[in-house]
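Results of the structural survey
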Amino acid sequence: MRKTALTIAGSDCSGGAGIQADIKTMLANGVYAMSAITSLTAQNTMGVAQIADVTEDFLAAQLDCIFTDIFPDAVKIGMMSSSGLIHVTAKKLMEYNARNIVVDTVMVSTSGTSLICDDAVEDLKEELFPLAALITPNIPEAEVLCGFGIHNETDMELAAKRIGDTYGCAVLCKGGHNINSANDVLYENNSFIWYEGKRIHNPNTHGTGCTLSSAIAAGLAKGYGVDRAVKCAKEYISTALAAMLNLGKGSGPLDHGAALGK
């Protein structure tokens with residue numbers, strides 16, 4: 001039977017990030033994709049123009065429709081801009097005993113726009129992190145979550161451990177923000193696994209975080225352990241970056257279908 005995955009995230013009308021990137025990624029990684037939209041964004045490769053959140057009742061209705069019909073084998077959580085949407089999501093995930101939850105700690109867009117209210121960050125940590133199998137912060141996000149600066153690989157390990165031990169989940173600390181050549185560290189079961197990544201000189205990185213977390217969720221949906229799911233996701237995103245797709249006037253999208261051929 002075909003494995004399934006759900007993305008709970010914001011919409012990107014330009015197709016490079018958010019649920020559009022998630023669905024493309026899940027399809028390319030061999031699972032059936034579903035989506036529950038948390039926010040509508042008017043954006044393109046140059047930035048975010050407007051954000052409109054869905055109502056809490058509408059998000060709840062989307063989740064009820066999905067879980068009572070096609071139960072997802074994994075769940076990816078992306079943009080959660082308000083405390084109310086976080087409360088609804090956490091409640092429904094617990095109600096339906098959702099499994100294999102990956103939380104992409106979306107706080108700021110590639111173009112620099114804040115995508116979450118300050119008070120919602122605490123709710124994200126308290127309500128969604130404890131439900132997660134894995135969270136995937138980049139360096140700036142990890143610094144917010146751990147409370148100290150990250151300047152080298154030792155700091156990355158310390159941050160991942162503090163976050164993981166605090167919230168009871170595995171943590172993939174992504175090192176692509178000038179710490180190293182895109183090396184990431186996974187903290188799981190009180191041990192570390194490093195993933196070496198060759199830095200690909202492609203300025204078009206819109207949606208990389210969404211894409212990586214969705215690829216990991218797809219791997220978990222197929223029954224992979226976290227380590228294998230991360231390895232496969234890293235390979236997928238490297239292929240998508242190496243395709244050197246060049247669209248738009250700003251930081252353009254990845255080629256989510258590069259591995260499928262032309």
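Before any of the text, the structure's been laid out above.
Residues numbered from 1 in each chain as written. Predicted model: local features only at pLDDT ≥ 70, side-chain atom pairs only at ≥ 80, totals over all residues. Heavy atoms only, no water.

**A look at the overall build of the protein chain**
A count of helices and strands for the protein chain gives eight helices and nine strands. Here the C-alpha atoms of the protein chain give a radius of gyration of 17 Å, agreeing with the 18 Å that 2.2 N^0.38 yields for 262 residues. Oriented by its inertia axes, the alpha-carbon framework of the protein chain measures out at about 45 × 40 × 40 Å. Taking all 262 residues of the protein chain together, the buried fraction comes to 56%. For the protein chain, the proportion of contacts with a sequence separation of at least 24, taken over those separated by at least 6, is 69%. On the protein chain, roughly 11,300 Å² of surface is accessible, and the fraction owed to carbon and sulfur atoms is 52%. Charged side chains of the protein chain number 19 positive and 28 negative; the gap between the two group centres comes to 9 Å. (Helix = DSSP H or I, 4+ residues; strand = E, 2+ residues; numbered from the N terminus. Rg over C-alpha atoms; globule rule 2.2 N^0.38 Å. Buried < 20%, exposed > 50% of the residue type's maximum accessible area, 1.4 Å probe, protein only. Contact = heavy atoms within 4.5 Å. Areas by Shrake-Rupley, 256 points an atom, 1.4 Å probe, with all protein chains shown as cover. Lys, Arg positive; Asp, Glu negative; His and termini not counted. Charge placed at Lys NZ, Arg CZ, Asp CG, Glu CD.)

**Description of the packing of helix 5 (residues 139–146) against helix 6 (residues 153–167)**
At a closest axis distance of 9 Å, the pairing of helix 5 and helix 6 adopts a crossing angle of 55 degrees. If you check the angle between helix 5 and helix 6, you find them oblique. The chirality of how helix 5 crosses helix 6 is left-handed. Here Ile139, Ala142, Leu145 and Cys146 of helix 5 lie close against helix 6, whose contacting residues are Met156, Ala159, Arg162 and Ile163. Partitioning the contact of helix 5 with helix 6 into residue classes produces seven nonpolar, no polar and one charged. (Axes fitted to C-alpha atoms, helices over the stretch in contact; angles between N-to-C directions. Parallel < 35°, antiparallel > 145°, perpendicular 65-115°, else oblique. Left-handed = near helix turned anticlockwise from the far one by under 90°. Nonpolar A, V, L, I, M, F, W, Y, C, P; charged D, E, K, R; others polar.)

**Focus on the packing of aromatic side chains**
Scanning the entire structure with this criterion turns up four aromatic pairs. An angle of 80 degrees between the planes, with centres 5.2 Å apart, marks the rings of Phe129 and Tyr167 as edge-to-face. With Phe129 in the loop between helix 4 (118–128) and strand 6 (134–135) and Tyr167 in helix 6, the pair connects residues that are 38 residues apart, well separated along the chain. When the ring of Tyr187 is compared with that of Phe192, the centres are 5.2 Å apart and the planes differ by 45 degrees; the resulting orientation is tilted. Taking the relative accessible area as the measure of exposure, Phe192 reaches 32% and is therefore partly exposed. Feature note: the residues Phe67, Phe71 and Tyr96 constitute an aromatic cluster, connected by ring pairs. Sitting over the face of the ring of Tyr224, Arg228 holds its NZ or CZ atom 3.8 Å from the ring centroid. (Phe/Tyr/Trp six-rings, centres within 6.5 Å; stacked < 30°, edge-to-face > 60°. Lys NZ or Arg CZ within 6 Å of the ring centre and 35° of its normal.)

**Section: the pairing of strand 4 (residues 74–77)**
By the alternation rule, side chains of strand 4 split into Ala74 and Lys76 and Val75 and Ile77, which are all buried. Bridge count for strand 1 (residues 4–12) against strand 4 is four bridges, and the pairing is parallel. In the strand pairing of strand 4, Ala5 is matched with Ala74. Relative to strand 5 (residues 101–103), strand 4 is paired through three bridges, and the arrangement is parallel. Residue pairing across strands places Ile77 opposite Val103, the latter belonging to strand 5. Read from strand 4 through helix 3 (residues 83–95) to strand 5, the crossover connection turns out right-handed. (Pairing = 2+ DSSP bridges. Right-handed = clockwise from strand over helix to strand, strands pointing away.)

**A closer look at the pattern of salt bridges**
Where charged atoms from two side chains of opposite charge come close, those side chains can pair. Applying the stated criterion across every chain yields a total of eight salt bridges. One salt bridge in this structure joins Lys92 and Asp64, with 3.0 Å as the shortest N-O distance. Here Lys92 is found in helix 3, whereas its partner Asp64 is found in helix 2 (residues 56–67), with 28 residues between them in sequence. In this structure Lys92 comes out as buried when scored by relative accessible area, which is 11%. The salt bridge partner of Lys161 is Asp165, with a shortest N-O separation of 3.0 Å. With Lys161 and Asp165 both in helix 6, this residue pair falls four residues apart, about one helical turn. The class for Asp165 is partly exposed, based on a relative accessible area of 47%. One salt-bridge network, held together by shared partners, links Asp64, Lys92 and Glu95. (Salt bridge = Lys/Arg side-chain N within 4 Å of Asp/Glu carboxyl O.)

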